[in-house]
Amino acid sequence: IEQSIPKARAVTHIGWGQGKVEQVAANRRVHRNAEGKIIAMRGSACTDETLRSLPEGLIDPWLKTIAFFDNDKKVASLHYYATHPMSFYGDARISWDVPGLARQRLEQETGVFQIYFTGCGGNIGMGKYNDATRAAREQLTDRMFDAMRRSARVAAGGNVSETEKL
């Protein structure tokens, strides 16, 4: 805290935006029997082509961004999206996985501090589009990065009214 106080910035206003995420998230509980009991589930990674071929199901397809500005300079962006953010299993390394890779890429591209947090994604995973390969992880990262970038652009696009200014 002591080191951060001299680096404090004024926040004059906020912006917000959203970008549609394509082919990343899907509902985990995908197949029920006649009594309604769940009999099949695809997790955040799935190699069963039958389960992967089933529809996405109910998800929120929008990645949201809240951006903080000091006049015309963006200071930071917060992004959130509703999906379980894990693409690899059985790898003992700690990783920020797909969302963190996308967030890091946007921070490097823009020079603006980026924060990502997961929305309500308990029943939402990447298994429909993730077969646990590195190639799938790269595709998921590209798709999330694309939505994050579009959402951040909307957040900076003049959608702040006088009533939201601090």
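One can find the structure itself at the top, above this paragraph.
Remember, it's a predicted structure, so these values are computed and weren't measured experimentally. (Residues numbered from 1 in each chain as written. Predicted model: local features only at pLDDT ≥ 70, side-chain atom pairs only at ≥ 80, totals over all residues. Heavy atoms only, no water.)

Visitor: Is there a simple way to explain the overall build of the chain in this structure?
Guide: Within the chain one finds three helices and eight strands. Ordered by position from N to C terminus, the α and β elements of the chain give β-β-β-β-α-β-β-α-β-β-α. Contacts in the chain between residues at least 24 apart in sequence constitute 76% of all its contacts with a sequence separation of at least 6. Of the accessible surface of the chain, which amounts to about 9,600 Å², a share of 55% is contributed by carbon and sulfur atoms. (Helix = DSSP H or I, 4+ residues; strand = E, 2+ residues; numbered from the N terminus. Contact = heavy atoms within 4.5 Å. Areas by Shrake-Rupley, 256 points an atom, 1.4 Å probe, with all protein chains shown as cover.)

Visitor: Just checking my understanding: could you explain the pairing of strand 3 (residues 29-32) for this structure?
Guide: The side chains of a regular strand alternate between both faces of the sheet. Examined bridge by bridge, strand 3 and strand 4 (residues 38-41) share three bridges and lie antiparallel to one another. When the bridges of strand 4 are listed, His31 appears paired with Ala40. The hairpin formed by strand 3 and strand 4 contains five residues between the paired strands, and Gly36 there has a positive phi angle of roughly 90°. (Pairing = 2+ DSSP bridges.)

Visitor: Please explain the sheet that holds strand 6 (residues 73-81) as it appears in this structure.
Guide: To summarise the sheet geometry, strands pair through backbone hydrogen bonds and adopt either a parallel or an antiparallel arrangement. The strand order 1-5-6-7 describes an open sheet built from four strands, whose pairing is mixed. Edge positions in the sheet fall to strand 1 (13-20) and strand 7 (113-118), since each of these pairs with one other strand and no more. Direction aside, the axes of adjacent strands within the sheet are offset by 20° on average. Where strand 6 and strand 7 come together, six bridges link them in parallel fashion. In the sheet register, Ala76 faces strand 7, and the bridge partner there is Phe113. Packed on one face of the sheet, helix 2 (residues 97-110) meets strand 6 and strand 7 and runs near 160° to strand 7. Where helix 3 (residues 134-155) meets the sheet, it contacts strand 1, strand 5 (62-70), strand 6 and strand 7, and its direction lies at approximately 145° from that of strand 1. (Axes fitted to C-alpha atoms, helices over the stretch in contact; angles between N-to-C directions.)

Visitor: Whenever I open this one, the packing of aromatic side chains confuses me. Can you help?
Guide: The relation between two aromatic rings is expressed through the spacing of the ring centres and the mutual angle of the planes. A complete count under the given rule lists one aromatic pair for this structure. A cation sits over an aromatic face here: Arg105 above Phe145, 4.9 Å from the ring centre. (Phe/Tyr/Trp six-rings, centres within 6.5 Å; stacked < 30°, edge-to-face > 60°. Lys NZ or Arg CZ within 6 Å of the ring centre and 35° of its normal.)

Visitor: Where do I start with the pattern of salt bridges in this structure?
Guide: Evaluation of the coordinates by the stated rule reveals seven salt bridges. Here Arg103 makes a salt bridge to Glu107, at a shortest N to O gap of 3.1 Å. With a gap of four residues between them, Arg103 and Glu107 both fall in helix 2, about one helical turn apart. Residues Arg149 and Glu109 are paired through a salt bridge, measuring 2.4 Å at the closest nitrogen-oxygen approach. (Salt bridge = Lys/Arg side-chain N within 4 Å of Asp/Glu carboxyl O.)

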